[in-house]
Amino acid sequence: MKYMLCALAALACAWTACAGGTKIVLIAGPPSHGPGDHEHRAGCLLLKSCLDKVPGVTAEVYSNGWPQNAEAALAGAATLVVYSDGGEGHPLLRDDHLKTIAGLLNRGVGLVCLHYAVEPTKEAGEKEFLDWIGGCFETDWSVNPTWLPEFKPLPTHPITRGVKPLHIYDEWYYHMRFREGMKGVTPILSAVPPESTLSRPDGPHEGNPAVREAVRRGEAQVVAWACERPNGGRGFGFTGAHYHRNWGNDDFRKLVLNAILWTAKVDVPAEGVDCKITEEQLKQNLDRKGGGS
């Protein structure tokens, strides 16, 4: 009887998604870091408020990591957006979640990973992430400094429609691990980092000889990218969004919204997703953390 109820719930959810159009599922990780940083739930709810204004699209947010009733939550999804902590705390690495996600993505469902969620572990998830979104953060190879890159010019791609060149301070990870030869991967945001981004001693996230040599040579580093899979599925990796305030930047927000639609195989408007966010909206739904928030 319990199995039948679960199956009915999943079918109902799938039917709702079809009736309401394209279903987008956003998985927000538990509270993390200090006030205003890693505001996973608040960020996902802001993105949802914009996605819900796109004709034919419905967005659902699941807070505190993996949905309790994942079968019903994920049924009928066109794309998944994960905004959470990474490493061993990544919600996709727990229990048999990688297997569940693989089942969806093998059918062409999209995947978007934001900020720390681009980091699996070498032991679990890295192989899958390279397949699913084309790249990932790899400890002792990639780094996570805060810096002020200037992203211009932007490539011609549905994800960049209506987006002006960006110049915004964030914790932009770089020297990411990508598929061999960048096969199927399109850089979306790239910049040359200054040597000041490697001021910390070498460490798993801070620096290593390979990245220091790349920066010394002045190599442009990809911090956001699009990916296409052989089965038609799409992925997007975005290393920014440490600071919640950056969702208030129209171009920063539009780029991510465009990418979500693109991975869901929804036509991105010619001028991108037009959605305004007020200062008051930015203050809503913040996690209760130290410092009075």
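Just above, that's the structure.
Residues numbered from 1 in each chain as written. Predicted model: local features only at pLDDT ≥ 70, side-chain atom pairs only at ≥ 80, totals over all residues. Heavy atoms only, no water.

Turning to the pairing of strand 4 (residues 110-114), a few remarks are in order. Within strand 4, 5 of the 5 residues are buried, which leaves the element mostly enclosed by the surrounding structure. Along strand 4, one buried face is formed by Gly110, Val112 and Leu114 and the opposite face, lined by Leu111 and Cys113, is buried too. Sheet topology places strand 3 (residues 77-83) next to strand 4; 5 bridges connect them, and they run parallel. Paired with Val81 across the two strands is Val112, which belongs to strand 4. Tracing the backbone out of strand 3, into helix 4 (residues 97-105) and back to the parallel element strand 4 gives a crossover that is right-handed. (Buried < 20%, exposed > 50% of the residue type's maximum accessible area, 1.4 Å probe, protein only. Helix = DSSP H or I, 4+ residues; strand = E, 2+ residues; numbered from the N terminus. Pairing = 2+ DSSP bridges. Right-handed = clockwise from strand over helix to strand, strands pointing away.)

Under the defined criterion, the tally for this structure stands at 10 salt bridges. For Glu150, the salt bridge identified is with Lys152, shortest N-O distance 3.4 Å. With a shortest N-O distance of 2.5 Å, Arg217 and Glu219 are connected by a salt bridge. Relative accessible area serves as the criterion here: at 48%, Arg217 is assigned to the partly exposed category. On the basis of relative accessibility, which here comes to 31%, the residue Glu219 falls in the partly exposed class. One salt-bridge network, in which partners are shared between bridges, spans Glu213, Arg216, Arg217 and Glu219. (Salt bridge = Lys/Arg side-chain N within 4 Å of Asp/Glu carboxyl O.)

By size, the foremost hydrophobic cluster in this structure holds 54 residues, and its most contacted members are Leu189, Phe238 and Trp247. When residues of this core are assigned to their parent elements, the largest contribution, 8 residues, is made by helix 7 (residues 250-263). In this structure, Leu74, Val82, Val222 and Trp225 belong to the second largest nonpolar core, which totals 32 residues. (Core = buried A, V, L, I, M, F, W, Y, C linked by side-chain atoms within 4.5 Å.)

Packing of helix 2 (residues 40-51) against helix 7 brings their axes to within 11 Å, and their N-to-C directions diverge by 70°. Taken together, helix 2 and helix 7 sit at an angle that is classed as roughly perpendicular. The way helix 2 lies across helix 7 gives a crossing that is right-handed. Residue-level contacts link Leu47, Cys50 and Leu51 of helix 2 to Arg253, Val256, Leu257, Ile260 and Leu261 of helix 7. (Axes fitted to C-alpha atoms, helices over the stretch in contact; angles between N-to-C directions. Parallel < 35°, antiparallel > 145°, perpendicular 65-115°, else oblique. Left-handed = near helix turned anticlockwise from the far one by under 90°. Contact = heavy atoms within 4.5 Å.)

Any functional reading would require information that these geometric values do not contain.
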